[in-house]
Amino acid sequence: MEQNEVLNNSQPVIKELDYVVLKREDIYKAVQIQPKRKIIFEKQWLFLDNAVGQPYGTTFDVIAGGVLQAQKPRPAGSVQESKEAGVDNRNIVDDGRSQKLTRDDIETLKEQGLKGQEIVQQLIDNSTTFRDKTEFAQEKYIKKKKKKYENIVTIVKPSARVLAQMYHGREPGKICHLRYDTLGQMLTLGNIHAGNKVIVFETCAGLVLGAVMERLGGYGSVIQMCPGGGPVRAATDSFGFPEDFYEMLHEFPLSKVNGLLDGSLVYSVEEKSEAEQTNTLDDCMQTKEEIPDQCDLVNERNDQDEELMETSSREEQGKQDKGSSNTQDSKVQDKRVKQEEKQRKEKIAAALLREKNADGLVIASRFQPSPVVLSLLKFVAPSRPFVIYSQHKEPLIECYTKLRERGGVISLRLIETWLRQYQVLPNRTHPKLLMSGGGGYILSGITVEMDVEKPSETEKSGEPACKRLKIQHAQD
């Protein structure tokens, strides 16, 4: 008994403002626990306040008012007391008249406060064909009715597998149809572990980035290459990483990679140009403030009555201009602070990339991978793995050909991932009928040191090898 209490106390518990995943059957939804926040999950609205303090993996009943109530352990076979079962289902006809309870009767039971388990038991007792069904058919019937009438939800801890299943089941297009088994192979082929420096380029809503950070465990560094104006980390935030995890995360714009390689990217020049732009903006603001003053000097030449009216209006206008100028100054100051912070992060990422000693490269995007791979491989150290994912094989075939022509890589492999799920139950273990058609394609390899040999004088002439031999023989 004491050992069980110790095990229960060692389990992580749900805390306020934590990111969690709601699970019901094979349906998932990632949310953040906030006080008195109304959440809609599978046409059921609920509040997660009562989940705080409970261990992860707890199953809750959704009672009246959307309040969660932790389930107590149920004894096996509590729903079906009778073990009577038929031999086969050949004499059962589904004519819609086997159930005595109508829809109105079920709604009345709900209004009386009966829970889902009790409603399922009522359906079993009022079914004229339940005891004639086989044991397997009875279990299937109970499972179907539980799914329909039991309002239960399980709260699990976010992980790469859980979030990959959630996105693949809800919005597979956002993650380029990346399946969780394919993601696991990418992490294995990329040799992602704590202490690595990994370059990640992905357009999967931050799922691949979060999976890499989860494997690193807060040790090492990750450089995210951003294709657009900024990084997309919707799925990364759903992992609920602590703040120290984000200290190892850096971002660098993909458009500045060529400038970093040829040495033309200098941040001091960019800072100078940004300072000039902000100074120009300040001058424009001062000019706008001086224009009303000049107009007031011209208006002072009018009659005395007009001067009094315009003086009062000028004072009101001056107050408004002062307030608007303060707001504009604060906006310019905030913009300047954001630009400086962005420049500081880019400097750190650029310094890490200039070392050219990255331990791995992971790419999973909907863009053409060939130009990205050829550029980013220059930042990877020799004898390090790289992994490229694509939903289609044609881009990877082109990338495979260009890498072979370029050299500097070995062990190039282009594979297609395939997964089939199985139902494992007593006397009825078989592959599931519904499954995904494909899990995408992976191109992997290992970098090596490239030997750059100087061409000989005969090779510089551009003559074919056989012709050069004939010319040398004639000269001899």
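Refer to the structure printed above.
This text gives an overview of the structure that appears in the document. Predicted model only: the values in this text are computed from it and were never measured.

Rules used in this analysis
Just so you know, the residues in each chain are numbered from 1, in the order the chain's sequence is written. Totals for whole chains, interfaces and linings use all residues, but because this is a predicted model, local features are given only for residues with pLDDT of at least 70 and pairs of side-chain atoms are given and counted only at 80 or more. Excluded from the side-chain calculation are hydrogens and water; included are all heavy atoms of the structure. Definition used in this section: a nonpolar core is a set of buried Ala, Val, Leu, Ile, Met, Phe, Trp, Tyr and Cys residues joined via side-chain atoms within 4.5 Å. The buried label applies to any residue whose accessible area, calculated with a 1.4 Å probe on protein chains only, is under 20% of its type's maximum; exposed applies above 50%, and partly exposed to all values in between. Only runs of H or I of at least four residues qualify as helices and only runs of E of at least two qualify as strands under DSSP, and these elements are numbered from the N terminus. Any two residues whose heavy atoms approach within 4.5 Å at even a single point are treated as in contact. Any two strands are treated as partners once DSSP identifies two or more bridges connecting them. Working convention: axes come from line fits to C-alpha atoms, limited for helices to the stretch in contact. Angles between N-to-C directions cover 0 to 180 degrees. Put simply, a salt bridge is a Lys or Arg side-chain nitrogen that is within 4 Å of an Asp or Glu carboxyl oxygen.

A word on the nonpolar core
Formed by 38 residues in total, the largest nonpolar core has its most connected members in Leu183, Met186, Leu207, Val208, Val212, Met213 and Val222. Top element by residues in this core is helix α7 (residues 207-216). It accounts for seven residues. The residues contacting valine 208, other than those within four sequence positions of it, are Leu178, Leu183, Met186, Val200, Glu202, Val362 and Ala364. In terms of nonpolar packing, the next biggest core, distinct from the first, is built from 30 residues, Phe252, Leu353, Ile363 and Tyr441 among them.

What about the sheet that holds strand β2 (residues 27-32)?
Through backbone hydrogen bonds, the strands of a sheet pair up, either in parallel or in antiparallel fashion. The strand order across the open sheet formed by five strands is β2-β1-β7-β5-β6, and the pairing between neighbours is antiparallel. Among the strands making up the open sheet, the edge pair consists of β2 and β6 (68-70). For this sheet, the mean inter-axis angle between neighbouring strands, taken without regard to orientation, is 35°. Relative to β6, strand β5 (residues 59-62) runs antiparallel, the two sharing three bridges. Within β6, the residue paired with valine 62 across the bridge is leucine 68.

With respect to the pattern of salt bridges
In this structure the tally under the stated criterion is ten salt bridges. The shortest N-O distance in the salt bridge between arginine 428 and glutamate 139 comes to 2.4 Å. Placement of the pair is arginine 428 in the loop between β14 (422-423) and β15 (430-431) and glutamate 139 in helix α4 (residues 135-149), with a sequence separation of 289 residues. Close ionic contact of arginine 344 with glutamate 341 constitutes a salt bridge, the shortest N to O distance being 2.6 Å. Taken together, the residues span about one helical turn, with arginine 344 and glutamate 341 both in helix α12 (residues 304-354) at a distance of three residues. Under the relative-accessibility criterion, arginine 344 is labelled partly exposed at 43%. According to the relative accessible area criterion, glutamate 341 is partly exposed, its value standing at 33%.

Nothing here speaks to function; it is geometry throughout.
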